[in-house]
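Structural overview
Letter by letter, the chains look like this.
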Amino acid sequence: MDISFKNVSYTYQPNTPFEHRALTDLSFTIPSGSFVAVVGHTGSGKSTLIQHLNGLLRPTAGEVQIGEFKLTANEKPKDMKALRKNVGVVFQYPEHQLFDETVEKDIRFGPSNFDVPDNEIDKRIPEVMDAVHLSTAMLERSPFDLSGGQMRRVAIAGVLAMDPSVVVLDEPTAGLDPKGQKQIMDMFHQLHKEKGLTTVLVTHSMEDALHYADHVIIMDHGTKYMEGNPTEVFTQKEKLQAAQLDLPEIIQFLRKIEETFHISLPYKGQTIPELAAELSLLLKGADGYE
Amino acid sequence: MKDGYIEFRNVSFRYSEEQPWVLNNVSFCIPVNQWVAIIGHNGSGKSTIAKLMNGLLFPVEGEIIVNGLTVSEETIWEVRKSIGMVFQNPDNQFVGTTVRDDVAFGLENRGVERQEMIARIKNSLQAVSMWDYQLHEPHRLSGGQKQRVAIAGVLAVSPQVIILDEATAMLDPKGRKEIMQTVNNVRHQQGISLISITHDLNEITQADQVIVMNKGEVWLEANPREVFQKEKILQEIGLDIPFVAKLANELNKDQMILQKQPLNQEELIEGLWTYHSKM
């Protein structure tokens, strides 16, 4: 589903002493099937943005369009349920939302609320367990007996079981150990490709944005600050720093190498072993001096 | 070992007799005025260690000594006075209706005099860049802002030990760096100990000492440089090392290019420069 924001503003608790404007005149388009990373420092409006994607919030001004669903200040889709079925949101720490006695019951809860027939859910359960790399032997266990990483996978399986066409991920790897982080991100990347999803990833990790996304939106003070292809966006050091963001570490490092040794070493998606090989070769030939 | 502010002596813990041990014969010492990072895979027992330190849980076997006191039902109130702790999820620890009131809470509990309280609230909120939000409602802040406020609450009471249990997980990398710098400055100025439980690989580089937990046991206790040389086995136990350390190890794989394990980009570039000038 195509997603578009047209001049969207959002104010929390308007006309109260707590009034707070979180989004200002925000416009962008996400074509169906893209993997978009939304990046910005804390409080830049990222979480407010994604709550518009499944109609938890409606713009105070402007217009949000998600497929055929339209949200404005005075207009909400007739069928909000259909929107929410199509847009699966994995919130921060989704495992805090687990509640049922068994993993299976917890996963069923979402789709059965959306009136998906039981036999269809039966069919989806092994598929989503496989997608999140959990064994079906776990279905009868209590989700609360599982490890943190496993609990998160169960919560994600519950979202996938609704068979959404848009998946919104709000810091999906926070709190996981490095191995768990990589596994979860690889899993979403694979799902994105296999199922042709539109994926919106909110992240603080420039590395993940660089590695997985095909488009990046940088938020600052509630509005769009930069947008484009990750490699292009992430090479603009000064502009990013003005929004209190750093370059991905590898690009930062390449910059410093170039400055120190007066050589050219552009970022082209090289892996660490590739970079090491390139470096040792270059340093033998470089004639830099300070 | 004797200068330790916190000491674990052969501590084991499990929630009940039918359940497996969460911690198994754990011993270590957190010295005064040091930064100790605790890392480990999810479920390795890191957070249990934090909860044992201020008596939210008690050891099943072994003992824990905080500033000369053995942690027990009788001593917890004394122990907790000296320990400031920030958890992963700040939502669970807000009490005030405004950011300012929330930071004031800990100070009121300790009977800090009003003038002093006002000054400390301002200093600590400024330290975490949240002074502008002093009249906001804590539960309406973003995840990262909440964490900042929770950290301000701990800084305000100036404890002897600050424990951050993945307290910066929701911050952006820059914010995380700033907060850790702030907390570390406070540690220097006041000569206190800092314990950070973390998955952030770059944070470890700044610690004096790293405790690596695996399956409820202390797997390694070493300084960051030593830890980063164990890339392969760390990855086997669900962990990883930072970009700089990985690149350095890769560079040294075939031929010794770097003489010293670098902790940051500057040290790595310096090492490359030394190598280059000898060519």
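Residues numbered from 1 in each chain as written. Chains lettered and ligands numbered in written order. Predicted model: local features only at pLDDT ≥ 70, side-chain atom pairs only at ≥ 80, totals over all residues. Heavy atoms only, no water.

Focus on the overall build of chain A
Spelled out, the test is: Here a strand is any run of E in DSSP of at least two residues, a helix any run of H or I of at least four, and the numbering for each starts at the N terminus. Note on classification: 1.4 Å probe, protein chains only; a residue is buried when its accessible area is under 20% of the maximum for its type, exposed when over 50%, partly exposed between these limits. Surface accessibility follows the Shrake-Rupley procedure with a 1.4 Å probe radius. Residue values consider only the protein chains on display as shielding. Charge counting follows a simple rule: Lys and Arg are positive, Asp and Glu are negative, and His as well as the terminal groups are ignored. In plain terms, the charge of a residue is placed at NZ if it is Lys, CZ if Arg, CG if Asp and CD if Glu.
Within chain A one finds 11 helices and 10 strands. Seen through its principal axes, chain A has C-alpha atoms that stretch 70 × 50 × 35 Å. Looking at chain A as a whole, 54% of its 290 residues qualify as buried. With an accessible surface of roughly 12,600 Å², chain A has 49% of that area assigned to carbon and sulfur atoms. Chain A carries 28 positive and 41 negative side-chain charges, and their two centres are separated by 3 Å.

Here we look at the sheet that holds strand E8 (residues 193-197) of chain B
Residues and elements named next belong to chain B. The condition that has to hold: Strand pairing follows a simple DSSP-based rule, namely that at least 2 bridges must link the two strands. Axis angles are defined between N-to-C directions and span 0 to 180 degrees, where every axis is a line fitted to C-alpha atoms and, for a helix, only to the segment in contact.
Ordered in space as E6-E7-E8-E3-E9-E10, the six strands form an open sheet in which the pairing is mixed. With one partner strand each, in any of the chains shown, strand E6 (83-86) and strand E10 (217-222) form the two edges of the open sheet. Ignoring which end each strand starts from, the neighbouring axes of this sheet average 15° apart. One ladder, built from four bridges, connects strand E3 (residues 35-40) with E8; its direction is parallel. Bridge pairing links isoleucine 38 to isoleucine 197 in E8.

What about the side chain of aspartate 177 of chain A?
For clarity, the threshold we go by: A side-chain nitrogen of Lys or Arg and a carboxyl oxygen of Asp or Glu constitute a salt bridge if their distance falls within 4 Å. By definition, residues are in contact when any of their heavy atoms lie within 4.5 Å.
One can find aspartate 177 of chain A in the loop between strand E7 (166-170) and helix H6 (178-195). Here aspartate 177 of chain A occupies a buried position and makes no salt bridge, while the nearest side chain of opposite charge, lysine 46 of chain B, is found at 6.4 Å. For aspartate 177 of chain A, the contacting residues outside a window of four places in its chain are Gly40, His41, Asn42, His199 and Gly238 of chain B.

A short note on the packing of aromatic side chains
As a reminder, the rule being used: We call Phe, Tyr and Trp rings a pair once their centres come within 6.5 Å, taking the six-membered ring for Trp, and we label the pair stacked below 30 degrees between planes, edge-to-face above 60, and tilted otherwise. For a Lys NZ or an Arg CZ to count as sitting over a ring, it must be within 6 Å of the ring centre and within 35 degrees of the ring normal.
Scanning the entire structure with this criterion turns up seven aromatic pairs over all chains. Look at phenylalanine 13 of chain B and tyrosine 15 of chain B: their rings are 4.9 Å apart centre to centre, the planes differ by 85°, and that puts the pair in the edge-to-face class. Residue placement shows lysine 239 of chain A over the ring face of tyrosine 225 of chain A; its charged tip is 5.7 Å from the ring centre. Sitting over the face of the ring of tryptophan 21 of chain B, arginine 14 of chain B holds its NZ or CZ atom 4.0 Å from the ring centroid.

Examining the packing of helix H3 (residues 99-109) of chain B against helix H5 (residues 143-156) of chain B
Residue and element names in this part refer to chain B. Applicable threshold: Note on convention: the crossing is left-handed when the near helix lies turned anticlockwise from the far helix by less than a right angle, right-handed when the turn is clockwise. Classification used: nonpolar for Ala, Val, Leu, Ile, Met, Phe, Trp, Tyr, Cys and Pro, charged for Asp, Glu, Lys and Arg, polar for all others including Gly.
Taken N-terminus to C-terminus, the directions of H3 and H5 make an angle of 35°; their axes are 8 Å apart at the nearest point. Viewed along their axes, H3 and H5 form a crossing whose handedness is right-handed. Listed contacts from H5 to Val99, Asp102, Val103 and Leu107 of H3 are Val149, Ala152, Gly153 and Ala156. Looking at the contact of H3 with H5 residue by residue, the class counts come to six nonpolar, one polar and one charged.

Re a negative patch on the surface
Just so we agree on the cut-off: The residues that make up patches have over 30% relative accessible area and no salt bridge, and they are joined within 9 Å when like-charged or within 5 Å when they are Val, Leu, Ile, Met, Phe, Trp or Tyr.
Among the surface-exposed residues, Glu127, Asp130, Asp163 and Glu194 of chain A lie close enough to one another that they form a single negatively charged patch. Judged by relative accessible area, glutamate 127 of chain A falls into the partly exposed class, the value being 44%.

Examining helix H1 (residues 46-53) of chain B
All names here are of chain B. H1 sits mainly inside the fold: six of its eight residues count as buried. Among the residues making up H1, those that are buried are Lys46, Thr48, Ile49, Ala50, Leu52 and Met53. Among the residues trailing H1, glycine 55 stands out with phi positive, at a value near 70°.

Regarding the pattern of salt bridges
According to the stated counting rule, one finds 26 salt bridges over all chains in the structure shown. When the shortest N-O distance is used, the salt bridge between lysine 224 of chain A and glutamate 227 of chain A registers 2.8 Å. Between arginine 9 of chain B and glutamate 63 of chain B there is a salt bridge, with its nearest N and O atoms 3.2 Å apart. Within this pair, whereas arginine 9 of chain B is found in strand E1 (residues 4-13), its partner glutamate 63 of chain B is found in strand E4 (residues 61-66), the two being separated by 54 residues in sequence. Here arginine 9 of chain B falls in the partly exposed class, since its relative accessible area comes to 37%. By relative accessible area, glutamate 63 of chain B is classed as partly exposed at 31%.

Describing the environment of proline 159 of chain B
Residue and element names in this part refer to chain B. Position of proline 159 relative to the elements: it lies in the loop between H5 and strand E7 (161-165). Here the alpha-carbon distance between proline 159 and lysine 81, two residues 78 residues apart in the chain, equals 7.0 Å. Setting aside residues no more than four positions away along its own chain, proline 159 makes contact with Ser82, Ile83, Gly84, Val154 and Ile192.

Describing the interface of chain A and chain B
Just so we agree on the cut-off: Note: buried area is the sum, over both parts, of the accessible area (probe 1.4 Å) each one loses when the two are combined. Here a polar contact means two N or O atoms within 3.5 Å. Within protein one must be a hydrogen donor candidate and the other an acceptor candidate, and residues neighboring in sequence count only if both atoms are side-chain atoms.
Residue-level contacts link 43 residues of chain A with 46 residues of chain B. Interface of chain A and chain B: buried area, both sides summed, is about 3,900 Å²; carbon and sulfur atoms make up 63% of it. Joining chain A to chain B, the criterion identifies three salt bridges. A salt bridge links aspartate 246 of chain A to lysine 177 of chain B; the nearest nitrogen and oxygen atoms lie 3.0 Å apart. At the junction of chain A and chain B, the tally comes to 12 residue pairs in polar contact (both at pLDDT 80 or more).

What to know about the pairing of E1 of chain B
The side chains of a regular strand alternate between the sheet's two faces. All names here are of chain B. Burial analysis of E1 places seven of its 10 residues in the buried class, which makes it a mostly covered element. Judged from the five bridges that link them, E1 and E4 form a sheet pairing that is antiparallel. Residue pairing in the sheet places arginine 9 in a bridge with glutamate 63 of E4.

A short note on the domain arrangement of chain B
By a widely used convention, the size of an interface equals the accessible area lost when the partners come together. All names here are of chain B. Definition in use: Marked domain ranges trace back to an automatic or database domain assignment.
Under the domain assignment used here, chain B contains domain 1 (4-226) and domain 2 (242-279). The C-alpha centroid of domain 2 is placed 34 Å from the C-alpha centroid of domain 1. With five residues of domain 1 in contact, the opposing surface of domain 2 contributes six residues. Taken together, both faces of the contact between domain 1 and domain 2 bury some 520 Å²; the carbon and sulfur share is 63%. When the buried area of domain 1 at its contact with domain 2 is split by residue, Leu201, Thr205 and Arg225 rank highest and sum to 88% of it. With a shortest N-O distance of 2.7 Å, glutamate 267 and arginine 225 are connected by a salt bridge. Contributing elements (two or more residues each) for the side of domain 1 that touches domain 2: helix H7 (201-204) and helix H8 (224-228). Here the side of domain 1 that touches domain 2 is composed, by residue class, of two nonpolar, two polar and one charged.

Re the sheet that holds strand E8 (residues 198-202) of chain A
Residues and elements named next belong to chain A. Pairing in this open sheet of six strands is mixed, and the strands run E6-E7-E8-E3-E9-E10 from one edge to the other. Two strands in the sheet have a free side with no partner beyond their single neighbour: strand E6 (87-90) and strand E10 (223-228). Between one strand axis and the next, the sheet turns by 20° as a mean value, whatever way the strands run. Here strand E3 (residues 35-39) runs beside strand E9 (residues 215-220); their pairing, made up of four bridges, is parallel. From the neighbouring strand, valine 38 faces E9, where its bridge partner is isoleucine 217. Against the sheet, H6 engages E3, E7 and E8, with an angle of about 140° to E3.

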